[in-house]
Amino acid sequence: MKFNITDLKSIETVAINFSKEIKPEIQIGLIGELGAGKTTFTSYLLKALGYEENISSPSYALCNEYQLSNFIIEHWDLYRLGGVPEELLEPPNSKTCRIIEWADKFEEIQNFLDLTISFTCNYDTNDRDLFINKK
Ligand SMILES: Nc1ncnc2c1ncn2[C@@H]1O[C@H](COP(=O)(O)OP(=O)(O)OP(=O)(O)O)[C@@H](O)[C@H]1O
Ligand SMILES: [Mg+2]
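Below: a short report on this structure. (Residues numbered from 1 in each chain as written. Chains lettered and ligands numbered in written order. Predicted model: local features only at pLDDT ≥ 70, side-chain atom pairs only at ≥ 80, totals over all residues.)

1. Describing the overall build of the chain
Then comes step 1: Helix and strand content of the chain: two helices and seven strands.
Then comes step 2: In sequence order, the secondary structure elements of the chain are arranged as β-α-β-α-β-β-β-β-β.
Then comes step 3: Computed over its C-alpha atoms, the radius of gyration of the chain comes to 14 Å, within 12% of the 14 Å expected for a compact globule of 135 residues.
Then comes step 4: Projected onto its principal axes, the C-alpha coordinates of the chain cover approximately 40 × 35 × 30 Å.
Then comes step 5: Within the chain, the proportion of its 135 residues that are buried is 30%. (Helix = DSSP H or I, 4+ residues; strand = E, 2+ residues; numbered from the N terminus. Rg over C-alpha atoms; globule rule 2.2 N^0.38 Å. Buried ≥ 20, exposed ≤ 12 C-beta atoms within 10 Å, placed from the backbone.)

Here it is in structure tokens:
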């Protein structure tokens with residue numbers, strides 16, 4: 001599925017529609033250049049799932065966890081890492097959904113992803129595309 005993203009409102013609409021795919025035990029890879037919109041999309045996704053506080057990028061923390069009413073979202077960013085954290089080589093547990101920015105950085109992770117979302121951005125026009133691929 002491909003979506004053209006012209007502004008923040010349209011990314012919010014995609015996130016709201018996509019939020020029904022989010023459930024425990026799935027691992028989602030977010031792929032795209034620096035600034036393409038991976039964290040922004042995750043933030044709208046959490047909002048759509050009922051998380052009311054703002055979220056911050058996990059670029060430094062590596063992983064942030066958010067407790068929703070009936071499960072946990074782990075939000076990872078692998079950009080700064082030199083190796084794969086071992087826990088990403090196993091599916092998340094029955095109470096956790098994992099969202100991983102820069103999941104394409106390590107080949108070993110690819111087999112453990114249930115879904116990938118790729119972001120492209122034309123930085124001159126700020127025009128963006130988002131592709132959702134289910135495995
Ligand atoms: N659809 C959009 N329309 C306009 N601005 C956007 C859109 N998506 C993201 N932005 C803006 O682009 C900037 C970078 O976005 P974001 O942090 O989500 O990128 P990222 O892909 O997570 O980058 P990184 O790889 O550094 O983590 C933010 O200031 C955000 O507000
Ligand atoms: Mg980010």
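2. What to know about the site of ligand 1
Then comes step 1: The local shell around ligand 1 holds 19 residues, among which Gly35, Gly37, Lys38, Thr39 and Thr40 are the closest.
Then comes step 2: Within the residue set of the shell around ligand 1, elements represented by two or more residues are α1 (8-18) and α2 (38-48).
Then comes step 3: At three residues, the largest contribution of residues to the shell around ligand 1 is made by α2.
Then comes step 4: Its residues assigned to classes, the shell around ligand 1 comprises six nonpolar, eight polar and five charged. (Near = placed C-beta within 6 Å. Nonpolar A, V, L, I, M, F, W, Y, C, P; charged D, E, K, R; others polar.)

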